[in-house]
Amino acid sequence: MSTDLFIGGGGPDHGTQQFLSLKYANRHGLVAGATGTGKTVTLQIMAEGFSNAGVPVFLSDVKGDLSGLARAGNPEHKLHQPFTERAEKIGFKDFKYEAFPVTFWDLFGEQGHPVRTTVSEMGPLLLARLLDLTEAQEGIINIAFRVADEEGMALLDLKDLLVWIGENASDLSLRYGNVSTASIGAIQRRLLVLENQGGAKLFGEPALALSDLMRTDAGGRGMINILAADKLMGAPKLYATFLLWLLSELFEELPEAGDPDRP
């Protein structure tokens, strides 16, 4: 199995091949350039290279350009011929059209498998950021999580718990400080706005596990996970909060592995 990923060709004659060593692929990286310079194709080439090396990939697809990874191209098609010509020009000898193992995900459950997490796994900090709460309202969310923990409640749906807190606000105020019904009402209104945007579909069971994303196919190729983000771009706070949650899960669950030969 190759330890280098082919990235592209550079130099005056475009014949200088550029590679990324798998052992350095854990570093942060940036693909930048003007429109039409090949950023998307570069990302596709990297995703294919990682998959061939047995490394699972997660991609966020804003325009739908990356979904083509799931289907092999046709070298005879006139739209695909420029890719073949470019591969020959830069000396990409291993270039061929093939389909890769792809799983599609969608927070709204329309263009792929639904992405779910529970309110408990999201945590009070990210949830407060998602709802754009004030400091006082964030305090109510923290109380909600504390009550759920002490009462042994499975915190799946926050609205039911907020109703319970509102009904017992006087008793809870003695234990945790003032629990304002006005703050509870404001949080419920924010939840309604989130629900109207489709964000409420994010919460539920079964929750997404990292193992769902970190899989290989029967041939040992890494699964390429593509998140449909075209509609999600219209809800930037939900989009950012999901990505923050995913990163926090990665840092929390994955062990410290030093500097492996590949990601």
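Residues numbered from 1 in each chain as written. Predicted model: local features only at pLDDT ≥ 70, side-chain atom pairs only at ≥ 80, totals over all residues. Heavy atoms only, no water.

Asks: Can you lay out the overall build of the chain for me, pointing to particular residues and giving the numbers?
Replies: Along its length, the chain carries nine helices and six strands. Since a compact globule built from 263 residues should have a radius of gyration of about 18 Å, the 23 Å found for the chain marks it as more spread out than a globular shape. On the principal axes, the C-alpha backbone points of the chain span a range of 75 × 40 × 35 Å. When each of the 263 residues of the chain is scored for burial, the buried share is 37%. For the chain, the accessible surface area stands at approximately 15,200 Å², while carbon and sulfur atoms represent 53% of it. (Helix = DSSP H or I, 4+ residues; strand = E, 2+ residues; numbered from the N terminus. Rg over C-alpha atoms; globule rule 2.2 N^0.38 Å. Buried < 20%, exposed > 50% of the residue type's maximum accessible area, 1.4 Å probe, protein only. Areas by Shrake-Rupley, 256 points an atom, 1.4 Å probe, with all protein chains shown as cover.)

Asks: Report on the packing of aromatic side chains, specifying residues and quantitative values.
Replies: Tallied over the entire structure, the rule returns two aromatic pairs. When the ring of F6 is compared with that of F19, the centres are 5.5 Å apart and the planes differ by 75°; the resulting orientation is edge-to-face. Of the two residues, F6 sits in strand β1 (residues 4–10) while F19 sits in strand β2 (residues 16–21), which places them 13 residues apart along the sequence. A relative accessible area of 12% places F6 in the buried class. A residue is classified by how much of its surface remains accessible, and F19, at 47% relative accessible area, is partly exposed. When the ring of F242 is compared with that of W245, the centres are 5.9 Å apart and the planes differ by 35°; the resulting orientation is tilted. Highlighted residues: F242 and W245, both in helix α9 (residues 236–253), separated by three residues, approximately one helical turn. Summarising the burial analysis for this pair, F242 and W245 share the class buried. R221 extends its terminal NZ or CZ atom over the ring of F100, reaching a point 5.0 Å from the ring centre. (Phe/Tyr/Trp six-rings, centres within 6.5 Å; stacked < 30°, edge-to-face > 60°. Lys NZ or Arg CZ within 6 Å of the ring centre and 35° of its normal.)

Asks: Before we move on, could you go through the layout of surface pockets and cite the residues and values that matter?
Replies: Considering only enclosed or pocket space, the largest pocket measures out at about 2,100 Å³ in volume. Around the largest pocket, the lining is made up of 43 residues, and of these A25, R27, F58, L247 and L250 lie nearest the centre. Of all the secondary structure elements, the ones that give two or more residues to the lining of the largest pocket are α1 (39–52), β3 (57–61), α8 (210–213) and α9. Residues that form the lining of the largest pocket fall into these classes: 30 nonpolar, seven polar and six charged. Estimates place the volume of the second largest pocket at around 870 Å³. At the level of elements, β1, α1 and α2 (81–89) are the ones that each hand at least two residues to the lining of the second largest pocket. For the lining of the second largest pocket, the leading source of residues is α1, giving six residues. Broken down by class, the residue content of the lining of the second largest pocket amounts to 13 nonpolar, 13 polar and six charged. (1 Å grid on protein atoms, 1.4 Å probe; cavity = no way out; pocket = protein on both sides within 12 Å on 5 of 7 lines; lining within 4 Å. Points joined across faces, edges and corners; volume = space filled by probe spheres on them. Nonpolar A, V, L, I, M, F, W, Y, C, P; charged D, E, K, R; others polar.)

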